[in-house]
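Topology and contacts: notes
Chain by chain, the residues:
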Amino acid sequence: MTRETVGKVASDLLIKAPETKSPIEQMREQLSDYEKNIWECAERCKKDFPGDFYIVVITKNERLMPNVFRNFFYGRLSCPTPDYDQTVYKFKRKDNAPIFMWVIPSRDASFHLKDNALYVAPEERELLKYVLAFEDGTLFKLAKELNGEKLDTPELEN
C-alpha cells in the first residue's frame, strides 16, 4: 500500500471548498506529534550542550501549499529574541524537563487576538497574554535578562 505525499494531499484539499477556520483552530490542528518532537529535540541537545538550553519551535506555512504548516524544532544555548510563529522552552538539565516560556502565534493570529481582546474566549486568554507581552516588549526584556544582556545600550540611547 503506497502512502500519498504531503503535496498530493495538500493539492487535493485546495481543490475542495475552503473551510472557514480561525487562526486559533489552525494552530490547534498542527500540534499532533508536538510533544514527541520536543523530547526528541531535547535528547539531541543534551548531547550537544553541557548545561541548560532552550528549545525553539518555529511554525512555517508552506508557500506553495497554504493549508500545510510545519513545525521546526531546534536547540540553542541563548534565549532567542521573541518573534511571530515561535514557541520557546527552557530545558533544565537538573530537572530533565522543558519549561514552557512563551508562545507567539502568527502575525495574523496575533493581530486578531489583540484587536478582539475584549471578546477572547477564556481558553485563549493565556495566548493573548503572550501576544500582549510580545507587543509591549516584555518578552524581549525577559530574553535579554536571561542572556545576561543589558536592557539598554548607550549606543542606542538619544
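Our structure is the block above this text.
Thresholds applied
- Residues numbered from 1 in each chain as written.
- Predicted model: local features only at pLDDT ≥ 70, side-chain atom pairs only at ≥ 80, totals over all residues.
- Heavy atoms only, no water.
- Axes fitted to C-alpha atoms, helices over the stretch in contact; angles between N-to-C directions.
- Helix = DSSP H or I, 4+ residues; strand = E, 2+ residues; numbered from the N terminus.
- Parallel < 35°, antiparallel > 145°, perpendicular 65-115°, else oblique.
- Contact = heavy atoms within 4.5 Å.
- Nonpolar A, V, L, I, M, F, W, Y, C, P; charged D, E, K, R; others polar.
- Phe/Tyr/Trp six-rings, centres within 6.5 Å; stacked < 30°, edge-to-face > 60°.
- Buried < 20%, exposed > 50% of the residue type's maximum accessible area, 1.4 Å probe, protein only.
- Lys NZ or Arg CZ within 6 Å of the ring centre and 35° of its normal.

Where helix α4 (residues 107-115) contacts helix α5 (residues 125-135), the two axes come as close as 10 Å, and the packing angle between them is 100°. Taken together, α4 and α5 sit at an angle that is classed as roughly perpendicular. Contacts between α4 and α5 involve S110, L113 and K114 on the former and, on the latter, L127, L128, V131, L132 and E135. Grouping the constituent residues of the contact of α4 with α5 by class yields five nonpolar, one polar and two charged.

Here we come to the packing of aromatic side chains. Any aromatic ring pair is given by two values, namely how distant the centres are and how the planes are angled relative to each other. Following the criterion strictly, the structure yields nine aromatic pairs and no others. Between W39 and F91 the ring centres are 6.2 Å apart and the planes differ by 85°, which places this aromatic pair in the edge-to-face class. In this pair, W39 is assigned in helix α3 (residues 34-48) and F91 in strand β3 (residues 86-92), connecting sequence segments 52 residues apart. For W39, a relative accessible area of 32% gives the class partly exposed. Accessibility expressed as a relative area gives 0% for F91, which makes it buried. Measuring from ring centre to ring centre gives 5.7 Å for F49 and F53, while their planes differ by 45°; the resulting arrangement is tilted. Among the residues examined, F53 registers a relative accessible area of 0% and is labelled buried. Pairwise contacts between aromatic rings join Y34, F73, Y89, F100 and Y130 into one cluster. Above the ring of Y130, the side-chain terminus of K129 is found at 5.0 Å from the ring centroid.

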